[in-house]
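# Fold and contact review
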Amino acid sequence: MNPARRSFGSKEDLALALAGAIADDLNTGLESHGVAALAVSGGSTPKKFFSALGRRSDVDWSRVMVTLVDERWVPETSDRSNAALVNERLLQGPAAVAKFIPLYAGGEEPDQAALARTATQLEALPQRFDAVVLGMGGDGHTASFFPGGDNLDEALSGAGPVVSMRAPGAGEPRVTLTLSRLLETGALYLHIEGDEKAAVLDRALADGPAEDLPVRAVLRQTAAPLTIYWSP
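Reference entry: report on the structure contained in this document. Per chain, the residues get numbers from 1 upward, laid out in the order the sequence is written. Where totals are concerned, whole chains, interfaces and linings use all residues; where local detail is concerned, this predicted model gives features only for residues with pLDDT of at least 70, and gives and counts side-chain atom pairs only at 80 or more. To obtain the side-chain values, all non-hydrogen atoms of the structure were included, while hydrogens and water were left out.

### Side note on the sheet that holds strand S10 (residues 226–231)
Strand pairing in a sheet relies on backbone hydrogen bonds. The paired strands run either parallel or antiparallel. Sheet architecture is open: seven strands sit in the order S1-S10-S9-S6-S2-S3-S5, paired in parallel fashion. Two strands in the sheet have a free side with no partner beyond their single neighbour: strand S1 (4–7) and strand S5 (99–101). Taking the axes of each pair of neighbouring strands and ignoring which way they run, one obtains an average angle of 20° across the sheet. When DSSP finds two or more bridges between a pair of strands, those strands are recorded as paired. By definition, any uninterrupted DSSP run of H or I lasting at least four residues is a helix, any uninterrupted run of E lasting at least two residues is a strand, and each is numbered from the N terminus. With four bridges joining them, S1 and S10 adopt parallel strand pairing. By the bridge assignment for S10, Ala-4 is matched with Thr-227. Across the sheet, helix H3 (residues 82–89) lies against strand S2 (36–40), strand S3 (64–68) and S5, angled at about 145° from S3, the strand it touches most. As a rule, the C-alpha atoms of each element are fitted with a line to give its axis, helices using only the stretch in contact, and angles between N-to-C directions run from 0 to 180 degrees. Between two residues, a contact is recorded if the distance between any of their heavy atoms is within 4.5 Å.

In structure tokens, the structure reads:
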């Protein structure tokens, strides 16, 4: 079964609509179990969405935890850091009081000791997210599930919460939540923009191995309801 798809005329319209959907998910979580958890992606695509969501005053952000889907293994002082983007764009205004759980845990490499520190940090989160927002690259990667990634099989089929990833298209070494961890969510979103990525999405929805276009693993799963948000 194909995922639900919503299309918008502009990036601004998409950002407002997605922010509204996430706010509803967080409020549902707050009402049902007193806290809410959100995992978001980095990159340039979510900037407008982050700003729109951070302005939502109808969410009790003091009871919300925010983490990342994946992260480059760089400190927050780096302009390549997804954590820096979240702090700059999302955790502002009403959302400034939310608790942020980083994936970067210090050290030069995401080795076993560093990943253990990241896993410990993640233990502060509820087992189930209320919403997860993924992006997609032009190569069909999502999270840090990159074609040719050294730990792609573990990321897609492993039971652990987090793995490291090195890949030709990844730049720095990365750390990513596994697919199984991401699917522990009440709502799952794929946020893409532009005609080029729409074409990649169409290819990903067709037959073919997930290793070639790893976003296929998300599109084909049935564990979490997926909605695609797209704008030109």
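Structure's up, so let's keep going.
### So, the pattern of salt bridges
Just to be clear on terms, a salt bridge is a Lys or Arg side-chain nitrogen sitting within 4 Å of an Asp or Glu carboxyl oxygen. This model, assessed by the stated rule, comprises 10 salt bridges. In this structure, Arg-5 and Asp-202 form a salt bridge, with 3.9 Å as the shortest nitrogen-oxygen distance. Of this pair, Arg-5 sits in strand S1 while Asp-202 sits in helix H7 (residues 195–205), placing them 197 residues apart in sequence. Salt-bridge contacts for Glu-184 lead to Arg-181; the nearest nitrogen and oxygen are separated by 3.4 Å. Residue Arg-181 is classed as buried on the basis of its relative accessible area, which comes to 8%. Each of Arg-72, Arg-80 and Glu-172 takes part in one network of salt bridges that share partners. Exposed residues in this analysis have more than 50% of their type's maximum accessible area, buried residues have under 20%, and partly exposed residues fall in between, with area computed by a 1.4 Å probe over protein chains only.

### Focus on the sheet that holds strand S8 (residues 174–177)
Taking strand neighbours across the sheet as the criterion, the three strands line up as S4-S8-S7 in an open arrangement whose pairing is antiparallel. Taken across any chain shown, the strands that pair with only one partner, and hence form the sheet edges, are strand S4 (70–72) and strand S7 (162–165). The mean angle between the axes of side-by-side strands here comes to 20°, regardless of whether they run parallel or antiparallel. Taken together, the three bridges between S4 and S8 define a ladder with antiparallel strand orientation. Across the sheet, the residue bridging to Glu-71 is Val-175, located in S8. Along the sheet, helix H4 (residues 112–122) contacts S7 and S8; its crossing angle with S7, the most-contacted strand, is approximately 140°.

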